[in-house]
Amino acid sequence: MTKYWKLQEDVESDQLAIAEAAKMLISGQAVAFPTETVYGLGADAANTEAVRRIFTAKGRPSDNPLIVHIADRSQLDGLVAPYDDKLTKLMDAFWPGPMTLVLPVLAGSISPLVTAGLTTVGIRIPDHSAALQFLRAAQCPVAAPSANSSGRPSPTTASHVQEDLDGKIGGIVDGGPTGVGLESTVLQVVGDDIHILRPGGVTAEQLRAIWAGAVHEPKREDSVFTSMEIPSSPGMKYTHYAPQGQMAIVQGASIQQVAARIQADINEAKYRGETTGILTFEEHQSFYQADLVIACGRLSEPSTIAQGLYAALRRFDEAGIRYIVAESCPETGLGLAIMNRLSKAAGNQLIRI
Ligand code: TXA
Ligand code: MG
């Protein structure tokens, strides 16, 4: 049985619930909790048996390392090697927040399962009061990947977590819907350069605004660039976020052409007898007809797209949609992370017209 705590925005009862959840985590169970990005599935990072429960519950490949969550920068002592002022500057600017820093790990400080045998560890301080209370109550670094089954869209509500993991984990802390809706930006500093390993809630533009050196965006899936000097994020190679139906993205210079192409593809699929879905934005919703048309946020405000993306992908599954065509959005700001997740959901099926 998975224990369930619903936070009520009532200080006393919430404190009690969080203390109970933290106790369960310390005892070696895996416990899901909200963050500002997506829900995480937490376990004591130093306890190998506990961390193994995360991999088992999610069905996660063991070569994909986990992010470690802390409440306070002082917890870096004894966990990672001493770091210089450049890193402090990043921490000052973006912690607490959706930035994961990949740092050299001190041998023996956490379970080797967390780092998948790498010499580095990804660390972040979430910007979410319940998450911070939970981490403080646990008093240990907490390893936590997104709390979904491997391959499915990340959870942005506690009921998404239940859909995937109910009965497989110790407990779920329900703190309502998450804010950003997409995962943190994973980055590594090499010399004077920042390498974004996974785009996310902190944008390349935000990083450039405070960073004197270069900020490298992740190489595209179709890139032939394979220098060994560029660090990489093991998780980026797996299929992710994929709905059960087949999905393609249409990209083009004019919305008239894009909309015409999408509707033509959908009509053909309908003719073949498939259930059809279109993923668009509020501004364009009226252009389309399909079994399920989802307007995922507003193009004029990319943060609203990020917030709704994973729930939208899950809705196509719930409706049993077999053929989905999505619009794309510009790859600037949060759009880079949105298009990264959308491309993965579509297995890189990008139709350029
Ligand atoms: O927003 C988030 O980051 C959420 C919340 C729960 O904090 N967590 C999350 O974890 O998205 P997960 O496990 O779903 O994704 C972790 C990503 C993977 O792509 C993994 O390969 C990468 O971070 N990663 C972890 N440790 C790494 C390391 N030492 N070097 C390179 N990449 C690393
Ligand atoms: Mg994940």
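This text goes with the structure placed above it.
The following paragraphs examine the structure supplied in this document. As the structure is a prediction and not an experimental result, all values here were calculated from the model.

What counts, and where the lines are drawn
Residues numbered from 1 in each chain as written. Chains lettered and ligands numbered in written order. Predicted model: local features only at pLDDT ≥ 70, side-chain atom pairs only at ≥ 80, totals over all residues. Heavy atoms only, no water. Buried < 20%, exposed > 50% of the residue type's maximum accessible area, 1.4 Å probe, protein only. Helix = DSSP H or I, 4+ residues; strand = E, 2+ residues; numbered from the N terminus. Arc of directions from axis to C-beta. Contact = heavy atoms within 4.5 Å. Core = buried A, V, L, I, M, F, W, Y, C linked by side-chain atoms within 4.5 Å. Disulfide = S-S within 2.5 Å. Pairing = 2+ DSSP bridges. Axes fitted to C-alpha atoms, helices over the stretch in contact; angles between N-to-C directions. Parallel < 35°, antiparallel > 145°, perpendicular 65-115°, else oblique. Left-handed = near helix turned anticlockwise from the far one by under 90°. Expected span 1.5 Å × (residues − 1). Polar contact = N/O pair within 3.5 Å; in protein donor to acceptor, adjacent residues only side chain to side chain. Salt bridge = Lys/Arg side-chain N within 4 Å of Asp/Glu carboxyl O.

### Some words on helix α6 (residues 158-165)
For α6, the complete set of buried residues consists of A158, H160, V161, D164 and L165. Projection of α6 onto a plane perpendicular to its axis shows the buried side chains occupying an angular sector of 155°, all on one side. Looking at the buried positions of α6, the neighbouring elements they touch are β2 (31-33), β3 (40-44), α2 (48-58), β8 (171-174) and α9 (302-318). Positive backbone phi, at 85°, marks G167, one or two positions downstream of α6.

### What about the environment of G273?
Counting through the fold element by element, G273 comes out in the loop between α8 (255-272) and β13 (276-280). Measuring from C-alpha to C-alpha, the distance between G273 and R322 comes to 10.0 Å, with 49 residues separating the pair along the chain.

### Looking at the nonpolar core
Core analysis: the biggest nonpolar cluster contains 67 residues, and L41, V68, L90, L101, I123 and L207 have the highest contact counts within it. Setting aside chain neighbours within four positions, we find L90 in contact with W95, M99, L101, L187, V189, I194, L207, I210 and W211. The next biggest cluster of nonpolar side chains, apart from the first, holds 28 residues, and it includes L292, I294, L334 and I338.

### Quick notes on the state of the cysteines
By the definition in use, this model includes zero disulfides. Counting only cysteine sulfurs, C329 is the nearest neighbor of C296, a cysteine outside any disulfide, at a range of 9.1 Å. Using a relative accessible area of 6% as the deciding quantity, one classes C329 as buried.

### Structural notes on the sheet that holds strand β16 (residues 350-352)
In spatial order, the strands read β14-β13-β15-β12-β16; together these five strands make up an open sheet with parallel pairing. Since the sheet does not close on itself, it has two edges, and those belong to β14 (292-295) and β16, each with one partner. The mean inter-strand angle of the sheet, taken between neighbouring strand axes irrespective of direction, is 20°. Relative to strand β15 (residues 323-327), β13 runs parallel, the two being bridged by four bridges. Paired with I278 across the strands is V325, a residue of β15. Packed on one face of the sheet, α8 meets β12 (246-251), β13, β15 and β16 and runs near 175° to β15.

### Looking at the pairing of strand β9 (residues 185-190)
Across three bridges, strand β5 (residues 99-104) lies against β9 in parallel orientation. When the sheet's bridge partners are listed, L101 is paired in β9 with L187. Here β9 folds back onto strand β10 (residues 193-198), and the loop between the two strands holds two residues, one of which, G191, carries a positive phi near 60°.

### Observations concerning the packing of α6 against α9
Axis angle and axis distance: for two packed helices, these are the angle between their axes and the distance between the axes, and together they describe the pair. Two elements in contact, α6 and α9, have axes whose closest approach is 12 Å; the angle formed by their N-to-C orientations is 50°. With respect to α9, the axis of α6 lies oblique. For the pair α6 and α9, the crossing hand works out as left-handed. Every residue of α9 that contacts α6 at H160, E163 and D164 is listed here: A311, R314 and E318.

### Examining helix α1 (residues 11-26)
In a regular helix each residue adds 1.5 Å, so 16 residues correspond to 22 Å; α1 covers 22 Å between its end C-alpha atoms and thus fits that length. Within α1 the residues assigned to the buried category are D14, A17, I18, A21, A22, M24 and L25. One face of α1 carries all of its buried residues, which in axial projection span an arc of 155°. Exposed residues pointing more than 90 degrees away from the buried face of α1 are listed as E12, L16 and K23. Tucked inside the fold, the buried residues of α1 contact β1 (3-6), β2, β3, α5 (129-138), β7 (142-143) and β8. One or two steps after α1, the chain reaches G28, where phi turns positive at roughly 110°.

### Structural notes on the environment of S233
With respect to the helices and strands, the residue S233 is situated in the loop between β11 (215-216) and β12. Overall, the relative accessible area of 18% leaves S233 in the buried class. Residues S233 and R352 lie 119 residues apart in sequence; the distance between their C-alpha atoms is 27 Å.

### With respect to the side chain of S146
Relative to the helices and strands, S146 resides in the loop between β7 and α6. Among the residues examined, S146 registers a relative accessible area of 17% and is labelled buried. A distance of 2.6 Å separates polar atoms of two side chains, one belonging to S146 and the other to N148.

### Focus: the pattern of salt bridges
Taken as a whole and assessed by the stated rule, the structure comprises 19 salt bridges. A salt bridge links R73 to D92, with the nearest nitrogen and oxygen atoms 2.8 Å apart. Linking R73 in the loop between β4 (67-69) and α3 (85-94) with D92 in helix α3, this pair joins segments that are 19 residues apart in sequence. Residue classification places D92 among the exposed residues on the basis of a relative accessible area of 52%. The closest approach of N and O atoms between R314 and D164, which form a salt bridge, is 3.0 Å. Taken together, the residues R314 in helix α9 and D164 in helix α6 connect sequence positions 150 residues apart. Here the two residues R314 and D164 agree in accessibility, since each one is buried.

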